[in-house]
Amino acid sequence: MSKNFNVLTIGDSMITMNPFTTGPMRFVSTFERKVGGAELNFAIGCARLGMKSKWISRLGEDEFGRVIYNFARGEGIDVSEVDFVEGYPTSVNFKEIRESGDGKTFYYRHQSPILTLKPEDINDGCLDSVDLVHITGVFLAIDPQNLVITKKLISLANKKSIPVSFDPNIRLKLWTIEEAKKVYFELFPYIDILLTGLDEIDTLLDGSSEVSLTKFAEKYGISDLVIKDGASGSRLYRSGQWFSAPAFNVPVVDTVGAGDGFDAGYVYSYLHNTEPEQALRFANGVGALVVTVSGDNEGLPYLSEVQSFIQGEKEIER
């Protein structure tokens, strides 16, 4: 039996209002309340794959905060580092989904509860029994203080030889690309696994040839540089070699959360010492299953579902 690995992530969560119909949001009159947020999606993805999952966050002392808390706890996530705070309303976002499955997100997260999280809230106890720490650029984009918090968390992880994965998850509605670059390049030397979309790394490096990507990974000591490229599959640069795996051909309903699911799948494979091509194939499988279902995390699969899917089962049962 494989070890029950424990992963930790940190970040905001939101109530996601999912549209009942596709098209521009101004023409959509009905929405369904769901739960979203990149880091929470990742935590859920890991939990459904059978790993232990711990989430550091803050929620508003309100009904939406309780919805998120109970949802996370119901998914088996360790919420011991999640607190409720007065005077900071739980964040909300509205999604717009087009017929292609692509969409936009409209944020309403002013005075997010995550702003009350302080560097002193991060300590060695947060990392007890943790096997990997996962960070995303969304948390970093919300407030400048979050860089200090993130650096402290990464420093503690580095001292304990706990690998750190990072997904840039660029959100230009929250900050500029110049602000993002400054923060990311400050963190890259301390990151073990970089999980990035091809468009993101192309923007960050002003080019994405394998030569430039290889130089970047070697310069910053990134052991696993993972490139997510949607329908074109994914690639990995590790130990001087490139590996790749094709994408799965599935009907696309909603692309939100696919990258978070891929991250969870790759982290699962990494911790289980899976061979590079198989690790990419597994992560591609998780991402593919996510896009077949509407919602930020409803499509995140359980381990048995991914295994059946990548082994060639034609039917996707939900």
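Q: So what's going on with the sheet that holds strand E12 (residues 234–238)? Which residues, and what values?
A: Strand pairing in a sheet relies on backbone hydrogen bonds. The paired strands run either parallel or antiparallel. Spatially, the nine strands line up as an open sheet ordered E5-E4-E1-E8-E9-E10-E11-E12-E13, and their pairing is mixed. Two strands close off the open sheet at either side, each with one partner strand: strand E5 (78–85) and strand E13 (241–245). Within this sheet the neighbouring strands show an average axis-to-axis angle of 15°, counted without direction. Here E12 runs beside E13; their pairing, made up of five bridges, is antiparallel. Across the sheet, residue Ser-234 finds its bridge partner in E13, namely Ala-245. Those strands touched by helix H6 (residues 198–205) are strand E9 (164–167), strand E10 (193–197), strand E11 (224–228) and E12, and its axis lies near 100° from that of E10.

Q: Residue-level account of the layout of surface pockets, with values.
A: What the largest pocket holds in volume is close to 1,500 Å³. Forming the boundary of the largest pocket are 49 residues, of which Thr-255, Val-256, Gly-257, Ala-258 and Gly-259 lie nearest the centre. Sorting the residues of the lining of the largest pocket by element identifies strand E2 (14–19), helix H1 (38–48), strand E6 (91–97), strand E7 (103–108), H6, helix H8 (258–271) and helix H9 (276–291) as the ones contributing at least two each. Considered class by class, the residues forming the lining of the largest pocket number 18 nonpolar, 18 polar and 13 charged. Considered as a void within the structure, the second largest pocket measures approximately 210 Å³ in volume. Lining the second largest pocket, in full, are Leu-140, Ala-141, Ile-142, Asp-143, Pro-144, Leu-147, Leu-174, Trp-175, Glu-179, Lys-182, Val-183 and Glu-186. Elements represented by at least two residues in the lining of the second largest pocket include exactly helix H3 (137–142) and helix H5 (177–187).

Q: Lay out the packing of aromatic side chains with the relevant residues and their values.
A: In total, this model carries 16 aromatic pairs according to the counting rule given. Centre to centre, the rings of Trp-175 and Tyr-184 are 5.7 Å apart; their planes meet at 70°, and the pair counts as edge-to-face. Here the two residues Trp-175 and Tyr-184 agree in accessibility, since each one is buried. Taking the centre distance of 5.8 Å and the plane angle of 65° together, the rings of Phe-185 and Tyr-220 count as edge-to-face. With a gap of 35 residues between them, Phe-185 in helix H5 and Tyr-220 in helix H7 (residues 210–220) connect regions that are remote in the sequence. Three or more aromatic residues joined by ring pairs form one cluster here, namely Phe-166, Trp-175, Tyr-184, Phe-185, Phe-188, Phe-216 and Tyr-220. When the ring centre of Phe-106 is taken as reference, the NZ or CZ atom of Lys-173 above it lies at 4.5 Å. One residue, Arg-235, lies across the ring of Trp-242, its end atom 5.4 Å from the ring centre.

Q: Requested: an account of the side chain of Glu-75, with residues and values cited.
A: Structurally, the position occupied by Glu-75 is in the loop between helix H2 (63–74) and E5. Residue Glu-75 is classed as buried on the basis of its relative accessible area of 18%. A polar side-chain atom of Glu-75 sits 2.8 Å from a polar atom in the side chain of Arg-48. When residues no more than four places from it in sequence are discounted, the contact partners of Glu-75 are Ile-44, Ala-47, Arg-48 and Tyr-302.

Criteria and thresholds
Residues numbered from 1 in each chain as written. Predicted model: local features only at pLDDT ≥ 70, side-chain atom pairs only at ≥ 80, totals over all residues. Heavy atoms only, no water. Pairing = 2+ DSSP bridges. Helix = DSSP H or I, 4+ residues; strand = E, 2+ residues; numbered from the N terminus. Axes fitted to C-alpha atoms, helices over the stretch in contact; angles between N-to-C directions. Contact = heavy atoms within 4.5 Å. 1 Å grid on protein atoms, 1.4 Å probe; cavity = no way out; pocket = protein on both sides within 12 Å on 5 of 7 lines; lining within 4 Å. Points joined across faces, edges and corners; volume = space filled by probe spheres on them. Nonpolar A, V, L, I, M, F, W, Y, C, P; charged D, E, K, R; others polar. Phe/Tyr/Trp six-rings, centres within 6.5 Å; stacked < 30°, edge-to-face > 60°. Buried < 20%, exposed > 50% of the residue type's maximum accessible area, 1.4 Å probe, protein only. Lys NZ or Arg CZ within 6 Å of the ring centre and 35° of its normal. Polar contact = N/O pair within 3.5 Å; in protein donor to acceptor, adjacent residues only side chain to side chain.

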